[in-house]
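# Secondary and tertiary structure notes
Each chain, letter by letter, is given below.
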Amino acid sequence: MSDDMPDSLIPYDEIVQEALRAVVGRVLGQIIAAGGTLPGDHHFYITFKTGAPGVSIPAHLRERFPDEMTIVLQNKFWDLGVDDQGFTVGLSFNQLPAKLDIPFSAITAFVDPAVDFGLQFQAMMPDAEPEPHEPAENDSPGNETSSAADDGSNVVTVDFGRKK
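In this text the structure is predicted, and so the values were computed from the model without any measurement.

Before going further, it helps to examine the packing of aromatic side chains. Under the definition given, this model contains 2 aromatic pairs. Both rings, one in Phe-44 and one in Phe-110, keep their centres 5.1 Å apart while their planes meet at 35°; by these two values the pair is tilted. Pair noted here: Phe-44 is in strand E1 (residues 44-49) and Phe-110 is in strand E6 (residues 107-112), with a separation of 66 residues, a long-range link. There is no split in this pair, since Phe-44 and Phe-110 are both buried.

Spelled out as structure tokens, the structure:
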């Protein structure tokens, strides 16, 4: 057997990324089924590429977050909707209501700090290094930044390196 293993002809990394993104859709779907209210202390930080295909956000948010943005679903959100391709949600930023349409393929991170759970995804668009960004700070009582995934516990990352 040779040490030079060929690259897989099956795109395992893409298949796994797609399956993990489906977790986000299933969780958001359960919130809708429960009447649109998050149970207990659950709340979500969702990071996505603002320039990814299919992302629809107001121009002022795209200007402020030209590469990546993190939203918080906790107390103040409305019109949450989910389909096979992504989700839509209403949030307010500096007291201004906004509708966001986010395809699952644009999501780079999903964190529920209440239970120390997080998923990180590879970006699904050809891009250079992500630019640093500040949290979106959408309006919600008790909106504090979280470092739940800093210690790596309960965070799932998948990186399929290719042997050269």
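Now that the structure has been shown, we can carry on.
So, about the pairing of strand E2 (residues 68-73). Among the 6 residues that make up E2, 6 are buried, leaving the element largely enclosed by the rest of the structure. Of the two faces of E2, the one lined by Glu-68, Thr-70 and Val-72 and the one lined by Met-69, Ile-71 and Leu-73 are each fully buried.

Between its terminal C-alpha atoms helix H1 (residues 12-33) stretches 31 Å, which fits the 32 Å expected from 22 residues at 1.5 Å a residue. By the burial criterion, the buried members of H1 are Asp-13, Gln-17, Leu-20, Arg-21, Val-24, Gly-25, Leu-28 and Ile-31. Down the axis of H1, the smallest arc covering the buried residues is 155°, so these residues share one side. Exposed side of H1, more than 90 degrees from the buried face: Glu-18, Arg-26 and Ala-33 are the residues found there.

Moving on to the environment of Gly-40. Looking at the secondary structure, you find Gly-40 in the loop between H1 and E1. Take Gly-40: its relative accessible area is 73%, and that puts it in the exposed class. When the C-alpha positions of Gly-40 and Ala-114 are compared, they lie 8.7 Å apart, and in sequence the two are 74 residues distant.

This brings us to the sheet that holds strand E3 (residues 78-82). Pairing is antiparallel in the open sheet, where 3 strands are placed in the order E3-E4-E5. A single partner strand is all that each edge strand has here, and the edge strands are E3 and strand E5 (96-103). Averaged over neighbouring strand pairs, the angle between their axes works out to 20° when direction is ignored.

Okay, the pairing of E5 next. Alignment of strand E4 (residues 86-93) against E5, held across 8 bridges, turns out to be antiparallel. Its bridge partner being in E5, Gly-90 is matched across the sheet by Lys-99. Remark: 2 residues form the turn of the hairpin made by E4 and E5, two consecutive strands paired antiparallel; Asn-94 in that turn has positive phi of roughly 50°.

Locating Gln-95 in the fold gives a position in the loop between E4 and E5. Under the relative-accessibility criterion, Gln-95 is labelled exposed at 62%.

A separate point is the nonpolar core. Among the nonpolar cores identified, the biggest contains 31 residues, and Phe-48, Met-69, Ile-71, Leu-73, Phe-87, Val-89 and Leu-100 are the most heavily contacted of them. Elements with a minimum of two residues in this core: H1, E1, E2, E4, E5 and E6. Ignoring any residue separated from it by four or fewer positions in sequence, one finds Phe-48 in contact with Val-55, Ile-57, Asp-67, Glu-68, Met-69, Ile-71, Leu-100, Ile-102, Ala-106, Ile-107 and Thr-108.

Of the residues in the protein, 71% reach a pLDDT of 70 or more, and the chain-wide mean stands at 81. Scored below 50 in pLDDT, residues 126-130 shows 5 contacts in the model against residues more than four places distant or in partner chains. Within the model, pLDDT remains below 50 along residues 143-153, and this stretch shows 14 contacts once partners closer than five positions in the same chain are excluded.

The next point concerns the side chain of Lys-49. Turning to its location among the elements, Lys-49 is positioned in strand E1. Residue Lys-49 is classed as buried on the basis of its relative accessible area, which comes to 4%. Engagement of the side chain of Lys-49 in a polar contact is seen with the side chain of Asp-67, the distance being 3.3 Å.

Reading the values: rules and limits
- Residues numbered from 1 in each chain as written.
- Predicted model: local features only at pLDDT ≥ 70, side-chain atom pairs only at ≥ 80, totals over all residues.
- Heavy atoms only, no water.
- Phe/Tyr/Trp six-rings, centres within 6.5 Å; stacked < 30°, edge-to-face > 60°.
- Helix = DSSP H or I, 4+ residues; strand = E, 2+ residues; numbered from the N terminus.
- Buried < 20%, exposed > 50% of the residue type's maximum accessible area, 1.4 Å probe, protein only.
- Expected span 1.5 Å × (residues − 1).
- Arc of directions from axis to C-beta.
- Pairing = 2+ DSSP bridges.
- Axes fitted to C-alpha atoms, helices over the stretch in contact; angles between N-to-C directions.
- Core = buried A, V, L, I, M, F, W, Y, C linked by side-chain atoms within 4.5 Å.
- Contact = heavy atoms within 4.5 Å.
- pLDDT = per-residue confidence, 0-100.
- Polar contact = N/O pair within 3.5 Å; in protein donor to acceptor, adjacent residues only side chain to side chain.

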